Amino acid sequence: MQALIRLCFRRPVSVGAASALVVALAVVAVLRLPVALLPDLGYPALTVWTAYPDVPPERVERAVTEPIEEAVAGTEGLERITARSQLGGSLVEMRFGWNTDLDLALLEVREQIDRLGNA
């Protein structure tokens, strides 16, 4: 340790240059370091909105909401279905588990809804 102290006093310019180089490298590293304080998190959910203009909510529920709920109920990873029927449309929200592949779930939901449309 004493040898290092003696070296610093004998060669102050070299020690200063080395210190400046380390600080400069640290500043460059910090500026280029990506920091994600809030990572991109999206709640695993899908929503299906079906427009049915000028139709009362009771009829929308029987004709649109209930068939969609029944069709998508078997989707893998599905935890909860929430549906609302209102004047002019139906809103069905599906919530999935965190480990669910939403792309695969979306494909499955689309297939189920397409089958409803063809029936």
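For the structure, check the block above.
On a predicted model such as this, the values are computed, not experimentally measured, just so you know.

Novice: Residue-level account of the pairing of strand S2 (residues 78-86), with values.
Specialist: Direction of pairing for S2 relative to strand S3 (residues 89-96): antiparallel, over a ladder of eight bridges. Residue pairing for S3: Thr-82 is matched across the bridge by Glu-93. Connecting the antiparallel pair S2 and S3 is a turn made up of two residues, with Gly-88 showing a positive phi of about 95°.

Novice: Give me a negative patch on the surface: which residues, what numbers.
Specialist: Together, Glu-58, Glu-61, Glu-66 and Glu-70 line one region of the surface with negative charge. Tracing the backbone through its elements, the reader meets Glu-58 in helix H3 (residues 57-72).

Novice: Can you tell me about the packing of aromatic side chains, naming the residues and giving the values?
Specialist: The final tally for this structure, using the stated rule, is one aromatic pair. Ring geometry for Tyr-43 against Trp-98: centres 5.3 Å apart, planes inclined by 80°, an arrangement best described as edge-to-face. Here Tyr-43 is found in the loop between helix H2 (12-32) and strand S1 (45-51), whereas its partner Trp-98 is found in the loop between S3 and helix H4 (102-118), with 55 residues between them in sequence. Judged by relative accessible area, which is 57%, Trp-98 ranks as exposed.

Novice: Which residues make up the pattern of salt bridges, and what values do they have?
Specialist: One side chain can pair with another of opposite charge once the charged atoms of both are near each other. For the coordinates displayed, the defined rule picks out one salt bridge. The salt bridge partner of Arg-95 is Glu-93, with a shortest N-O separation of 3.1 Å. Relative accessible area serves as the criterion here: at 25%, Arg-95 is assigned to the partly exposed category. For Glu-93, a relative accessible area of 23% gives the class partly exposed.

Novice: Go over the environment of Ala-20 with me, naming the residues and quoting the values.
Specialist: Tracing the backbone shows Ala-20 in helix H2. On a C-alpha basis, the gap between Ala-20 and Tyr-52 in space is 69 Å, while along the polypeptide they are 32 residues apart.

Novice: Before we move on, can you summarise H3 with the specific residues and values?
Specialist: Largest kink in H3: about 35°, centred on Thr-65, with the proline Pro-67 one to four residues after it. Of the positions making up H3, those classed as buried are Val-60, Val-64, Thr-65, Ile-68, Ala-71 and Val-72. The secondary structure elements touched by the buried residues of H3 are S1, S2, S3 and H4.

Novice: Could you give an account of the sheet that holds S1, with specific residues and numbers?
Specialist: Pairing within the open sheet is antiparallel, and its three strands lie in the order S1-S3-S2. In the strand order of this sheet, the two ends are held by S1 and S2, each with one partner. For this sheet, the mean inter-axis angle between neighbouring strands, taken without regard to orientation, is 10°. Here seven bridges tie S1 to S3, and the two strands are oriented antiparallel to one another. Note that in S3 the partner of Ala-51 across the bridge is Gly-89. Along the sheet face, H4 touches S1 and S3 and points at about 25° away from the line of S1.

Conventions adopted
- Residue numbering note: each chain is counted from 1, following its sequence as written.
- Under the rules for a predicted model, residues below a pLDDT of 70 receive no local features and side-chain atom pairs below 80 are neither given nor counted, while totals for whole chains, interfaces and linings still include all residues.
- Excluded from the side-chain calculation are hydrogens and water; included are all heavy atoms of the structure.
- Any two strands are treated as partners once DSSP identifies two or more bridges connecting them.
- Each helix corresponds to a stretch of at least 4 residues labelled H or I by DSSP, and each strand to a stretch of at least 2 residues labelled E; elements are numbered beginning at the N terminus.
- Only residues whose relative accessible area exceeds 30% and that take part in no salt bridge are eligible for patches, with like-charged residues grouped when within 9 Å of each other and nonpolar side chains (Val, Leu, Ile, Met, Phe, Trp, Tyr) grouped when within 5 Å.
- Surface accessibility follows the Shrake-Rupley procedure with a 1.4 Å probe radius. Residue values consider only the protein chains on display as shielding.
- Counted as salt bridges are all cases of a side-chain nitrogen of Lys or Arg within 4 Å of a carboxyl oxygen of Asp or Glu.
- Charge assignment: positive for Lys and Arg, negative for Asp and Glu; neither His nor the chain ends contribute.
- Charge coordinates come from a single atom per side chain, which is NZ of Lys, CZ of Arg, CG of Asp or CD of Glu.
- Each Phe, Tyr or Trp ring, with Trp reduced to its six-membered ring, pairs with another whose centre is within 6.5 Å; inter-plane angles below 30 degrees give stacked pairs, above 60 give edge-to-face pairs, and intermediate values give tilted ones.
- Accessibility here uses a 1.4 Å probe with only protein chains present; expressed as a share of the type maximum, an area under 20% marks a residue as buried, one over 50% as exposed, and anything in between as partly exposed.
- Values of bend correspond, residue by residue, to the angle between axes fitted over the seven residues ending at that residue and the seven starting there.
- In what follows, residue pairs with any heavy atoms lying within 4.5 Å of each other are defined as contacts.
- To obtain each axis, a line is fitted to C-alpha atoms, and for helices this fit is confined to the stretch in contact; angles are then taken between N-to-C directions over 0 to 180 degrees.

All quantities given are derived from atomic positions and should not be read as evidence of function.
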